[in-house]
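Below, each chain spelled out in residue letters.
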Amino acid sequence: MSEEHTAEEAVAAEEHFTAPPSGTYRLQLRGTPEGRFGFAEAAALAPYLAALGVSHVYLSPISQAAPGSAHGYDVVDHTRLSEELGGPEAFGAMAARFRAHGLRLLVDVVPNHMAFPERRDLSPALADVLARGPESAHAAWFDVDWDAGGGRLVPPGEGEPNFRRFFDISGLIGLRQEDPEVFERTHGLPRELIEEGLVDGLRVDHPDGLADPRGYLRRLAEVAPEGWIVVEKITEGEERLPPDWPCAGTTGYDSLGMVGGLFVDPDGEKPLTDLYASLTGGPDTFAGVARGGRLHAARHALKPEVDRLVRVLRRVAGTDRPGLERALVELLVEMPVYRAYVVPGEDAPQRAVDVLEEAANRARLHLPRELHGDLETLVDLALGRGEVSDAEFIVRFQQTTAPLAAKGVEDTAFYRWNRMAALNEVGGDPGRFSVGQADFHSHCIRLARDWPLTMTTLSTHDTKREEDVRAWLAVLAELPGEWAEAVDRWWNWWGPGASPMEPDLEYLFWQTLVGAWPLTPDRLTEYLTKAMREAKTSTSWIDQDPAYEEAVLTYARRVLADPDLLTDLTSFVRRLAPYARVNTLGQKLVQLAMPGVPDVYQGCELTGLALVDPDNRRPVDYGRRREKLLRLDTGRRPKEVDDEKLLVTSRTLRLRRSRPGWFGPGSRHEPVAARGPAADHVVAFARGEAVVVATRLPVGLERRGGWAGTTLDVGSVGWRDVLTGATLWGPELEAADLFAHLPVALLVPRAIDR
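Position labels on residues start from 1 in each chain and follow its written sequence. Only residues with pLDDT of at least 70 are given local features in this predicted model, and only at 80 or more are side-chain atom pairs given and counted; all residues enter the totals for whole chains, interfaces and linings. Side-chain measures here rest on the full set of heavy atoms in the structure, leaving out hydrogens and waters.

Enquirer: Looking at this structure, I do not really get the sheet that holds strand β6 (residues 113-115). What am I missing?
Expert: Strand-to-strand pairing in sheets goes through backbone hydrogen bonds, with the strands running parallel or antiparallel. Reading across the sheet, the 3 strands line up as β6-β8-β7 and stay open at both edges, with antiparallel pairing between neighbours. Looking along the sheet, the strands with just one partner apiece sit at the ends: β6 and β7 (165-166). DSSP-based pairing: two strands are paired if at least 2 bridges between them are found. Helical segments are the DSSP runs of H or I of at least four residues, strand segments are the runs of E of at least two, and each set is numbered from the N terminus.

Enquirer: Would you take a moment to explain the environment of Val-573 for this structure?
Expert: Tracing the sequence through the fold places Val-573 in helix α22 (residues 563-593). When a residue's accessible area, from a 1.4 Å probe over protein chains only, is under 20% of the maximum for its type it is buried; when over 50% it is exposed; and in between it is partly exposed. Overall, the relative accessible area of 8% leaves Val-573 in the buried class. Separated by 57 residues in the primary sequence, Val-573 and Ala-516 have C-alpha atoms spaced 9.7 Å apart.

Enquirer: What am I meant to see in the sheet that holds strand β21 (residues 732-734) here?
Expert: With respect to topology, 3 strands assemble into an open sheet ordered β15-β18-β21, the strand pairing being antiparallel. Edge positions in the open sheet fall to β15 (674-675) and β21, since each of these has one partner strand only. With 3 bridges connecting them, strand β18 (residues 711-713) and β21 associate as antiparallel partners. Along β21, the bridge assignment pairs Asp-713 with Glu-732.

Enquirer: What's the story with helix α15 (residues 391-410) in this structure? I'm lost.
Expert: Structural remark: α-helix, 3.6 residues per turn; residues separated by three or four positions point the same way. By this rule, a helix spans an expected 1.5 Å times one less than how many residues it contains. For α15, with 20 residues, the first-to-last C-alpha span of 29 Å sits near the 28 Å given by 1.5 Å per residue. In terms of residue burial, α15 counts as a mostly covered element, since 18 of its 20 residues are buried. Two to three positions downstream of the cap, the backbone nitrogen of Glu-392 sits 3.2 Å from a side-chain oxygen, assigning the N-cap of α15 to Asp-390. For this analysis, a polar contact is any N or O atom pair within 3.5 Å, provided that within protein one partner can donate a hydrogen and the other can accept it, and provided that sequence-adjacent residues contribute only side-chain to side-chain pairs.

Enquirer: Is there a simple way to think about the packing of aromatic side chains in this case?
Expert: In this description, an aromatic ring pair is defined by two values, namely the gap between the centres and the angle between the planes. Stacked, tilted and edge-to-face are the three classes assigned to paired rings of Phe, Tyr and Trp, where Trp is represented by its six-membered ring and a pair needs centres within 6.5 Å; plane angles under 30 degrees give stacked, over 60 edge-to-face, the rest tilted. Enumeration over the complete set of coordinates arrives at 24 aromatic pairs. When the ring of Trp-483 is compared with that of Phe-572, the centres are 5.9 Å apart and the planes differ by 40 degrees; the resulting orientation is tilted. With Trp-483 in helix α18 (residues 480-491) and Phe-572 in helix α22, this residue pair connects regions lying 89 residues apart in the sequence. Neither Trp-483 nor Phe-572 differs from the other in exposure class; each is buried. Ring centres of Trp-494 and Tyr-555 lie 5.9 Å apart, and the angle between their planes is 80 degrees; on these two criteria the pair is classed as edge-to-face.

Enquirer: Any chance you could explain the side chain of Ser-434 here in plain terms?
Expert: Within the element layout of this structure, Ser-434 appears in the loop between α15 and α16 (437-450). Take Ser-434: its relative accessible area is 19%, and that puts it in the buried class. Those residues within four positions of Ser-434 in sequence are excluded, and the remaining contacts are Gly-261, Val-264 and Pro-266. Throughout, a residue-residue contact means that at least one pair of heavy atoms, one from each residue, lies within 4.5 Å.

Enquirer: Please explain unusual backbone geometry as it appears in this structure.
Expert: Most peptide bonds are trans, and most residues other than glycine sit at a negative phi. Of note, the bond from Trp-517 into Pro-518 is cis; its omega dihedral lies within 30 degrees of zero at 5 degrees. Here Pro-518 is to be found in the loop between α19 (503-516) and α20 (521-535). With an omega of 5 degrees, the peptide bond between Gly-730 and Pro-731 qualifies as cis. The residue Pro-731 is located in the loop between β20 (727-729) and β21 in this model.

Enquirer: Can you walk me through the pattern of salt bridges in this structure?
Expert: Pairing is possible between side chains that carry opposite charge, provided their charged atoms lie close to one another. Each reported salt bridge corresponds to a side-chain nitrogen of Lys or Arg within 4 Å of a carboxyl oxygen of Asp or Glu. Counted under the stated rule, the structure contains 67 salt bridges. For the salt bridge of Asp-108 with Arg-203, the shortest nitrogen-to-oxygen distance reads 3.0 Å. A residue pair is termed long-range when its members are at least 10 positions apart, and Asp-108 in strand β5 (residues 104-109) and Arg-203 in strand β9 (residues 201-204) qualify at 95 residues. Taken as a pair, Asp-108 and Arg-203 share a single burial class, namely buried. Between Lys-536 and Glu-534 there is a salt bridge, and its shortest N-O distance comes to 3.7 Å. For the pair formed by Lys-536 and Glu-534, the shared burial category is buried.

Enquirer: How do you make sense of the environment of Ser-540 when you look at a structure like this?
Expert: By the secondary structure assignment, Ser-540 is in the loop between α20 and α21 (546-560). Between the alpha carbons of Ser-540 and Leu-122 there is a distance of 31 Å; along the sequence they are 418 residues apart.

Enquirer: Please explain the packing of helix α11 (residues 303-317) against α15 as it appears in this structure.
Expert: When two helices pack together, their arrangement is captured by the angle between the axes and the distance separating the axes. Note on geometry: axes are lines fitted to C-alpha atoms, helical ones only across the stretch in contact, with angles between N-to-C directions running from 0 to 180 degrees. Running from amino to carboxyl end, α11 crosses α15 at an angle of 160 degrees, the nearest separation of the two axes being 10 Å. Between α11 and α15, the interaxial angle falls into the category roughly antiparallel. Classified by chirality, the crossing of α15 by α11 is left-handed. From α11, Glu-305, Val-306, Arg-308, Leu-309, Val-312, Leu-313 and Arg-315 reach across to α15, where they touch Glu-392, Phe-393, Arg-396, Phe-397 and Thr-400. Here the word oblique covers every angle except those under 35 degrees (roughly parallel), over 145 (roughly antiparallel) and from 65 to 115 (roughly perpendicular). It is the rotation of the near helix from the far one that decides the hand of a crossing: anticlockwise by less than a right angle makes it left-handed, clockwise makes it right-handed.

Given below as structure tokens:
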């Protein structure tokens, strides 16, 4: 059976194009000669992606980017399709090929910013502003502080930036999407592609940078009235997506943490925390580290943005008050979420009031009593309440807290506190060690009710490590004693003091080797260089210490060159392998079957062991994946974990696509209880008529003696496992029978054809 034939059989009738999205596959486009992957290369994957079972191909940005762009987020012209990726003709051919195979398109749009290119002719609007300053017809396009620049836009490298940047990247300048002209000029291309039926949905990059995310999304909904719109919104803790945002949901970081935490043993928290503190001398909690990272960002990387907000504050206050400015920095640093959502002229929503009051309560602990009144003044200003209300301060405050969270926590503190590296993930909280079943099911029930078409994910182009690195590292929580012995042995392999690494970096180093093994010297040194510079403790991107960096990399190469040490390391990795397999398959099935629309990041239908970018943007071997899928589709059994993960991915995606009533809007998430001595090692739930079952905490299960006496009450009598083809008879299923071949199962009523 050919792949083309398999794909064609998988394609539904024309009504498939009006069905809700059932699954996406993210492709990283790249227009550079090295590693090129443009529209034509994407189009060639149409038969494979249709056979895999997704409904949508999910593309990184498609607009004209800066020369040499490896990712597309540095747009220079929002009105044109990227020539390097193939231009309009190739894009149209790609979209047509996808549609012929039953696939729709979700594309990434970048409203918050654009590139500040070295070649000014690449952006006529920006060139005109550089030449004419505030008199330019395009002056309102960009978020510029004219007074700070002496009436001119200061280009990168020519002084302190006087424009809003994307985080701390001076090569990316903020756009004012609140200006109708800017919105129209930067969204004409998506509008055209949607009207022509070439694009079906939009993914919005970094909405938290915008002046008014809700207002922007309302205008975007007019561009794509029938489109599926998801936003790259990172929620923190109990934070929820604002219910008045006209979109389908987020890009899935909230679910990433919930799924991953389900496979981490809470009993490992104390021993691993004690181990971390004893090895590194670091603190046993994350909160202080996060605060330190935010303060560092406020005083260094994001100082221009903080200074600009201070200037606005001085204008509003009518005076230079150092105490007020100190209180402002503390309030910024103590924000518990990326930002509040306050619109000038409207009453602040209660959630925004709660966020600002929580931040103020935290900030008070770091301020003398005489400044507490100033702090209250700032809270009122940020919420737009009280005698003085200033629209610029309200907006600018929110646009400053978001990058402060990203740069201070995810891009600094996450590299300074590595008690359990698997938890240091975008949208995650390293201080939350694990997720219980009740919390997981509550999350899923809420998604099914409120955001049924939100996206879910386990890996993205921005995650700190791919999903199966985290699956391997999760095993350490079940084997803390063995891990402690192993890492102590490796740490002192050449005697105490042999390593030049900072202790936290060294602990991250050994976790990385175990989680992502095997690693080549090039990949490892690239990762370590980024990790130590992001930590900003001994070296950084701005203030590099070449001697320290070279000492670290030399040490890493020495480790990889020592055959006895590597034998010891690989022996430990083999010890983890059977348990990592359980986590890999379990978390994938859960993510694919839970409420929301699952995304598969490129290549992660097989084991995903890449690290942070650029490692996770390397070319994917699709020939190997095609061969493996064809082998499974012609009836052969999986040979190893890659085959098993591909089986889980393809069968679950196909079932979702063929049964939208079970998994789509209007469907429910219903927990299914296990009974018996090993009940806590089962996570199970029903989606429509399907029952999803996965094994968790496999080391503990083994210590307990296995599944004996553990059952699952599934109600009906006859079931077929979509993954193995096995028939099982209920209403009570023995866990030992259910997991006889795989540590996961996807059950459908036996009467329903495959």
